[in-house]
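A look at the structure
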Amino acid sequence: MFDFRALRVPIVQAPMAGGPSTPELAAAVSNAGALGFLAAGYRSAADLDEQIHRARLLTGEAFGVNLFVPQPSAATEEALAAYVAALAPRAARYGVETGSPHPDDDAWAEKLDVLLALRPAVASFTFGSPDAETIGRLADADVLAVVTVTSLAEAQIALANGAPVLVVQGPLAGGHRGTFDPAAPPPRDDLDTLFGRIRHYTDAPLVVAGGLTTPASVAHVLARGAVAAQAGTAFLLAREAGTHPVQRAALVDPQFTETAVTHAFSGRPARGLANEFMRRHDPVAPLGYPEVNQLTTPLRAAATAAGDPHGTNVWAGAGFRSIRSGSAAEIVRHLAKEIV
Ligand SMILES: Cc1cc2nc3c(=O)[nH]c(=O)nc-3n(C[C@H](O)[C@H](O)[C@H](O)COP(=O)(O)O)c2cc1C
């Protein structure tokens, strides 16, 4: 079974669904001695299967695969209809229709079958905890299960289900907050406090994530006892990442000075560059994943095609201003510079 303590470089490249995570990125990170990740979210099971095979052609090292845990949606028909009306002028501007909401569990069972068949070293989960039976099946297949948590209560649930390792995700993290309950109030604890609370409760190895974009921030969480530092935003400009050119450009565009958390794009809280879509729609957007995500998909695609970073999500953590471009190996080496 994979052991984080055996990593040559105790850094994890966070899974980043929606484009940035590629087999090339995961393999390059793992080849550099850290742990690369594929992101299964939004992909079909067949696609995931292919990505794992491709990564294996590129590296003999361990890498991880991340899945979204299906959750009941908070969406109501009335709230979705009101949001469609609010989005109508934007849709008209792009000459597209809003998407049609429909139930979608992100092919959970099929993707689990892919994991059990292909046995990547690590499987991480976000938006919830797999049940004890699933974690047990993964362990039997020699796959280390890792569950993302954003509070002590979530850590307690994951540990009770048998999760051997947790990712403690702090509030400055880019992309979706891993919270089990999208309607939960925003976290009060900063990353250090959250880590301290969970560390006090369990001896399980803790991977720490959220806002780690500098060598000093990586060294800090490791010095506090994290088994590895997980960074996502820091890899968005990596050569091997699949980050869309519109998003790459926005990440270095001086007009974007801050990030904010919004559920306006997907119906779940997520952190990204504060842009016009967020400012306009966050106050009226309902919670409801995946329906809100489905509603906004054609609008975001049209904005991206038009090269407009104000009409789509540019997920990024609060530390985005200190990220660098270069090869994934260079980024790993940079982030590891102050580890003692
Ligand atoms: C573009 C992007 C996509 C993400 N997609 C996922 C994902 O598919 N699964 C997941 O567990 N976390 C995802 N995350 C969150 C990361 O796992 C991690 O918590 C976060 O990147 C850490 O904060 P940082 O971005 O400040 O390093 C994503 C983050 C970003 C920036």
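Okay, so let's go over this structure. Computed from a predicted model, the values in this text were never measured in an experiment. (Residues numbered from 1 in each chain as written. Predicted model: local features only at pLDDT ≥ 70, side-chain atom pairs only at ≥ 80, totals over all residues. Heavy atoms only, no water.)

A closer look at the overall build of the protein
Counting its secondary structure elements, the protein contains twelve helices and eleven strands. The C-alpha radius of gyration computed for the protein amounts to 19 Å, which stays within 12% of the reference 20 Å derived for 340 residues, consistent with globular compactness. With respect to the principal axes defined by its C-alpha atoms, the protein has extents near 55 × 45 × 40 Å. Across the 340 residues in the protein, those meeting the buried criterion constitute 57%. Here the contacts in the protein between residues at least 6 apart in sequence split such that 68% fall between residues at least 24 apart. When the accessible surface of the protein is summed, it comes to about 13800 Å², and 53% of that surface belongs to carbon and sulfur atoms. Looking at the protein, you have 26 positive and 33 negative side-chain charges, and the mean spots of the two groups are 8 Å apart. (Helix = DSSP H or I, 4+ residues; strand = E, 2+ residues; numbered from the N terminus. Rg over C-alpha atoms; globule rule 2.2 N^0.38 Å. Buried < 20%, exposed > 50% of the residue type's maximum accessible area, 1.4 Å probe, protein only. Contact = heavy atoms within 4.5 Å. Areas by Shrake-Rupley, 256 points an atom, 1.4 Å probe, with all protein chains shown as cover. Lys, Arg positive; Asp, Glu negative; His and termini not counted. Charge placed at Lys NZ, Arg CZ, Asp CG, Glu CD.)

Focus: the layout of surface pockets
Empty space within the second largest pocket amounts to approximately 330 Å³. Residue lining of the second largest pocket: 15 residues in total, with Thr150, Ser151, Pro185, Pro187 and Arg188 positioned closest to the centre. Where the lining of the second largest pocket is concerned, the elements lending two or more residues are helix H6 (152–160) and helix H7 (191–201). In terms of residue class, the lining of the second largest pocket is built from six nonpolar, three polar and six charged. (1 Å grid on protein atoms, 1.4 Å probe; cavity = no way out; pocket = protein on both sides within 12 Å on 5 of 7 lines; lining within 4 Å. Points joined across faces, edges and corners; volume = space filled by probe spheres on them. Nonpolar A, V, L, I, M, F, W, Y, C, P; charged D, E, K, R; others polar.)

A few points about the side chain of Ser21
Mapped onto the elements of the fold, Ser21 is located in the loop between strand S1 (11–13) and helix H1 (23–31). Owing to a relative accessible area of 2%, Ser21 belongs among the buried residues under this scheme. From its side chain, Ser21 meets the backbone nitrogen of Met16 in a polar contact 2.7 Å long. When near neighbours in sequence (up to four residues on either side) are disregarded, Ser21 contacts Gln13, Ala14, Pro15, Met16, Phe37, Ala39 and Arg43. (Polar contact = N/O pair within 3.5 Å; in protein donor to acceptor, adjacent residues only side chain to side chain.)

Let's talk about the sheet that holds strand S11 (residues 270–273)
What the three strands build is an open sheet, ordered S7-S11-S10; its pairing is antiparallel. Of all the strands in the sheet, just strand S7 (175–176) and strand S10 (259–262) have a single pairing partner and so form its edges. Two elements, S10 and S11, share four bridges in a ladder whose sense is antiparallel. Pairing of Thr259 across the sheet is with Leu273, part of S11. (Pairing = 2+ DSSP bridges.)

Describing empty space enclosed by the protein
Applying the stated criterion across every chain yields a total of two cavities of 30 Å³ or more. What the largest cavity holds in volume is close to 50 Å³. Lining the largest cavity are Gln169, Gly170, Pro171, Ala173, Gly175, His176, Arg177, Val261, Pro269, Ala270 and Arg271. Contributions of two or more residues to the lining of the largest cavity are made by S7 and S11. When residues of the lining of the largest cavity are sorted by domain, at least three fall in each of domain 1 (4–70 + 105–243 + 323–335) and domain 2 (74–104 + 257–313). Space inside the second largest cavity adds up to approximately 40 Å³. Around the second largest cavity, the lining residues are Thr213, Ala234, Ser322, Ile323, Arg324, Ile331, His334 and Leu335. For the lining of the second largest cavity, the residue count by class is four nonpolar, three polar and one charged. (Domains from an automatic or database assignment.)

Some words on the site of the ligand
In the vicinity of the ligand lie 22 residues, with Pro15, Asn66, Gly211, Gly232 and Thr233 positioned nearest. In the environment of the ligand, a nitrogen atom lies 2.7 Å from a nitrogen or oxygen atom belonging to the side chain of Asn66. Within the contact set of the ligand, an oxygen atom lies 3.0 Å away from a side-chain nitrogen or oxygen of Gln169. Here the ligand, which alone exposes 590 Å², has 96% of that area covered by the protein. Elements with a minimum of two residues in the shell around the ligand: strand S3 (63–68) and strand S9 (228–231). Its residues assigned to classes, the shell around the ligand comprises eleven nonpolar, eleven polar and no charged. (Near = heavy atom within 4 Å.)

Observations regarding the environment of Gln13
Mapped onto the fold, Gln13 is located in strand S1. Residue Gln13 is classed as buried on the basis of its relative accessible area, which comes to 0%. Between the C-alpha atom of Gln13 and that of Ala223, which follows or precedes it by 210 residues, the distance is 19 Å. The contact partners of Gln13, leaving out residues within four places of it in the chain, are Ser21, Leu25, Ala26, Val29, Leu35, Gly36, Phe37, Ala231 and Phe235. In this structure the side chain of Gln13 is engaged in a polar contact, spanning 2.9 Å, whose partner is the backbone nitrogen of Phe37.

Examining helix H3 (residues 77–94)
With 18 residues, H3 extends 24 Å from end C-alpha to end C-alpha; this agrees with the ideal 26 Å at 1.5 Å per step. Most pronounced at Ala88, the bend in H3 amounts to some 45°, and the proline Pro89 follows within four residues. Among the residues making up H3, those that are buried are Leu80, Tyr83, Leu87, Arg90 and Ala91. Those residues of H3 that are buried are in contact with helix H10 (276–281) and helix H11 (291–305). One or two residues past the end of H3 sits Gly95, with phi positive at roughly 70°. (Expected span 1.5 Å × (residues − 1). Bend = angle between axes of the 7 residues up to and from the residue.)

Some remarks on the packing of aromatic side chains
Using the criterion set out here, one finds seven aromatic pairs in the structure. Between Phe68 and Phe127 the ring centres are 4.7 Å apart and the planes differ by 40°, which places this aromatic pair in the tilted class. Taken together, the residues Phe68 in strand S3 and Phe127 in the loop between strand S4 (122–126) and helix H5 (132–140) connect sequence positions 59 residues apart. Ring centres 5.8 Å apart and planes at 65° place the aromatic pair Phe127 and Tyr289 in the edge-to-face group. (Phe/Tyr/Trp six-rings, centres within 6.5 Å; stacked < 30°, edge-to-face > 60°.)

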